[in-house]
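# An overview of the molecular structure
Chain by chain, the residues:
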Amino acid sequence: MPSKSTESREAIANEFVERLYRQYFEVLFVYVNARLDNYDVSQDIVQDVFHDALNSLRESDELIRHPNQIGWLKKTAKNKILVYWRWQRRYVSRYLSLESEHFREPAAPEETGVGQCGQGPSPVEQIREVLVPEDLKLLKWLTLEKKSHLEVSQRLGITIYTSQKRLERVRKKLYKAFPEQERKKKK
């Protein structure tokens, strides 16, 4: 059972972050959306910034005493934007690159499903073999169309968490099919 001081600390953290949220949400949203130009993803990132603020306050009072709280929030948002961009580039380049030699021009003859020089299925065909159409659609929305998990969850009638878990499962399937693309483990 949590102690009184833990409950008190939690209440102070919640109240403080709620005040920050009311005061700075719009400023942060404009800041993030100016860089991403994607309403839903910008909202997700700003929400995540305040979630990080709350988690930070559960560990220490640094943010409460911080001389530039909006600066702390903007720096956190900037880092989240950079992570989002890296994630986008990585998945677009690894799995769905439109510059791939395996994509045909619209006027090209029928796709045979064989890669260059008859060496087997192209990466696009391998992806189609690995993923069911629903997974492929989810991956396309989140990577190529840059939809947020909120928008995808609303389109599919599922929760945001379910959308995130489905993407996680899609990634695992793709890593299994393309082991050479497996993330390099941090040392």
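Presented here is a report on the structure given in the accompanying data block. Everything quoted here is computed from the prediction, not taken from an experiment.

## Some words on the nonpolar core
Leu-28, Val-32, Phe-50 and Leu-73 are the most contacted members of the largest nonpolar core, which has 26 residues in total. For this core, the secondary structure elements donating two or more residues are α1 (4-36), α2 (39-59) and α4 (69-95). Examining the composition of this core, we find that eleven residues originate from one element, α1, more than from any other. Trp-87, Ile-127, Leu-138 and Trp-141 belong to the second largest nonpolar core, which has 14 residues in total.

## Observations concerning the packing of aromatic side chains
Scanning all chains against the criterion turns up five aromatic pairs. On the numbers, 5.1 Å between centres and 70° between planes, the contact of Tyr-21 with Phe-50 is edge-to-face. Here the residue Tyr-21 occupies a position in helix α1, and Phe-50 occupies one in helix α2, the gap between them amounting to 29 residues. With relative accessibility at 4%, the residue Phe-50 sits in the buried group. A ring pair is formed by Phe-25 and Phe-29, whose centres lie 6.2 Å apart and whose planes are at 15°; its orientation type is stacked. Taken as a pair, Phe-25 and Phe-29 lie in helix α1 at a separation of four residues, close to a single helical turn. Among the residues examined, Phe-25 registers a relative accessible area of 18% and is labelled buried.

## As for the pattern of salt bridges
Evaluation of the coordinates by the stated rule reveals eleven salt bridges. One salt bridge in this structure joins Asp-48 and Lys-80, with 3.0 Å as the shortest N-O distance. Separated by 32 residues along the polypeptide, Asp-48 in helix α2 and Lys-80 in helix α4 bring together distant segments of the chain. In this structure, Glu-145 engages Lys-140 in a salt bridge whose closest nitrogen and oxygen atoms are separated by 3.7 Å. Three or more residues joined by partner-sharing salt bridges are found here, namely Asp-48, Asp-52 and Lys-80.

Each value, and the rule that gives it
- Residues numbered from 1 in each chain as written.
- Predicted model: local features only at pLDDT ≥ 70, side-chain atom pairs only at ≥ 80, totals over all residues.
- Heavy atoms only, no water.
- Core = buried A, V, L, I, M, F, W, Y, C linked by side-chain atoms within 4.5 Å.
- Buried < 20%, exposed > 50% of the residue type's maximum accessible area, 1.4 Å probe, protein only.
- Helix = DSSP H or I, 4+ residues; strand = E, 2+ residues; numbered from the N terminus.
- Phe/Tyr/Trp six-rings, centres within 6.5 Å; stacked < 30°, edge-to-face > 60°.
- Salt bridge = Lys/Arg side-chain N within 4 Å of Asp/Glu carboxyl O.

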